Amino acid sequence: MAGKARRVLAGGVALAAAGWVLREVPAELGVRPLTSGPDRVARIRRSPQFVNGAFANPMPEPTTMMTTPPVGLVGELAKDRQQRRPAGLIPMRVPPSDPPPADGLRATWYGHASTLVELEGRRVLFDPVWSRRPSPSQLVGPKRHHPVPVELIELPQVDAIAISHDHYDHLDMATVRSLTRTQKAPFLVPLGIGAHLERWGVPAYRIIELDWEEETSVAGLRFVATAARHFSGRTFSRNDTLWGSWVVTGASKRVFYAGDSGYFRGYRGIGSEHGPFDLTLMPIGAYSPAWPDIHMNPEEAITAHLDLGGGLLLPVHWATFTLALHPWAEPVERLWREAKARDVKIVVPRPGEAVDAAAAPSVDGWWETLA
């Protein structure tokens, strides 16, 4: 009798899981923007970045992307797996709850790319991902190496939520739905991503879609969508939404968020047009020789920071999820070494730790015991 009860219970759990997959996974995949309404379609087709039915990188440097797994990838994945995760618990900090500095610049890194920037009394949340896995299903995919430092319901009210592109580790349906309920701020996104947000319940009046070099003003801050060398897609169909980076400027402070990008010479142009920047948020992890054009390595992040005219560099896109074959701590170790060699000021906060850009603490190597 007990065995039968266990089988019935297991069958019920399996049916519930199957129902969840059938209901939620299609929503996670988002919407093809070219089927989402005439106004959005017209804007997409007018974009200089939209070529032959898809968005493309216009940089003069060639961009190649991995379309099939490299030979030996399976063997590499099975090798040295322990090095691709921290050896112990990642130290956390409780984010501050006091009001943002009225005329200063403070940043709180929550893990991976998710970062809150407080700029002259305003708050901007970049690429918030609170789910356990950056995946269309929470049953598969890389798991977090550390919890989020603060629950979404406990976040302070923000003035803007800026998204760089639609990959799962930067655009998370569950997080978007929660922020739609708990926040009032608009979502600033590259062209096409508004179609995903609308499907997930974000009101149209809270969605601002921009092409590269288009700008808008929110809460007294100027936002400019700028270039990145990357790609997009939540299914096997690629590049039907745009990707990008963000320039955010106040009365006297300037911030650059790179999103995901390979290095390209256009960073110098962004710096001369919109910089110099008091703070740059630069991705340093998930690089590989198999995809050299779409993710920077740490040394390239330093070069891009200098091209941009950056003051303080805060590294993102590392530590939280294993998305490449390099050892867990290698990105930040290489970054620290290159920063010292090229006299670049960096700060490496623990998840949840707030950093005052004008009084950033020296690097203390907190990750070294976990490498």
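Described in the following lines is the structure provided in the data block. Position numbers for residues start from 1 in each chain and track the written sequence from start to end. Local features are withheld for residues below a pLDDT of 70 in this predicted model, meaning they are given only at 70 or higher, and side-chain atom pairs are given and counted only at 80 or more; totals for whole chains, interfaces and linings count all residues. By convention in this description, side-chain values take in all heavy atoms of the structure and omit both hydrogens and water.

## Some remarks on the pairing of strand 14 (residues 310-316)
Every other side chain in a regular strand lies on the same face of the sheet, so the side chains alternate between the two faces. Quick note on the threshold: Working definition: with a 1.4 Å probe on protein chains only, accessible area under 20% of the residue-type maximum means buried, over 50% means exposed, and in between means partly exposed. Put simply, DSSP marks the helices as runs of H or I at least four residues long and the strands as runs of E at least two long, and each gets a number from the N terminus on. In this description, strands pair whenever DSSP reports at least two bridges between them. Place the viewer so that the strands point away; then a crossover is right-handed whenever the path from the first strand over the helix to the second strand goes clockwise.
Among the seven residues that make up strand 14, six are buried, leaving the element largely enclosed by the rest of the structure. Where strand 14 lies against strand 15 (residues 345-346), two bridges are found, and the strand directions are parallel. Of the residues in strand 15, the one forming a bridge with L312 is K345. One crossover worth recording links strand 14 to the parallel strand 15 by way of helix 8 (residues 330-341), and it is right-handed.

## Notes on the sheet that holds strand 3 (residues 105-111)
Stated formally: Angles here are taken between N-to-C directions and fall from 0 to 180 degrees, while the axes themselves are lines fitted to C-alpha atoms, restricted in helices to the stretch in contact.
On the basis of which strands lie adjacent, the open sheet formed by seven strands has the order 8-7-6-5-4-3-16 and mixed pairing. Two strands close off the open sheet at either side, each with one partner strand: strand 8 (207-210) and strand 16 (354-356). Pairwise comparison of adjacent strand axes, ignoring direction, gives a mean angle of 20° for this sheet.

## Quick look at helix 6 (residues 266-274)
Our working definition: In this description, one arc is meant: the one made by directions from the helix axis to the C-beta atoms. The contact rule is simple, with two residues in contact once any of their heavy atoms fall within 4.5 Å.
Listed as buried for helix 6 are Y267, I270, G271 and H274. Down the axis of helix 6, the buried side of the element spans an arc of 100°, and every buried residue falls inside it. Opposite its buried face, helix 6 presents the exposed residues R268, S272 and E273, each directed more than 90 degrees away. Tucked inside the fold, the buried residues of helix 6 contact strand 10 (221-226), strand 11 (245-249), strand 12 (254-257), strand 13 (277-283) and helix 7 (298-308).

## Focus: the packing of aromatic side chains
Convention followed: Working definition: rings of Phe, Tyr and Trp (its six-membered ring) pair if their centres are within 6.5 Å, and the pair is stacked with planes under 30 degrees apart, edge-to-face with planes over 60 apart, and tilted otherwise.
Applying the stated rule across the entire model yields twelve aromatic pairs. Centre to centre, the rings of F126 and Y257 are 4.8 Å apart; their planes meet at 40°, and the pair counts as tilted. On the criterion of sequence distance, the pair formed by F126 in strand 5 (residues 122-126) and Y257 in strand 12 is long-range, its members being 131 residues apart. By relative accessible area, which is 0% here, Y257 ends up buried. Ring centres of Y263 and Y267 lie 6.0 Å apart, and the angle between their planes is 35°; on these two criteria the pair is classed as tilted.

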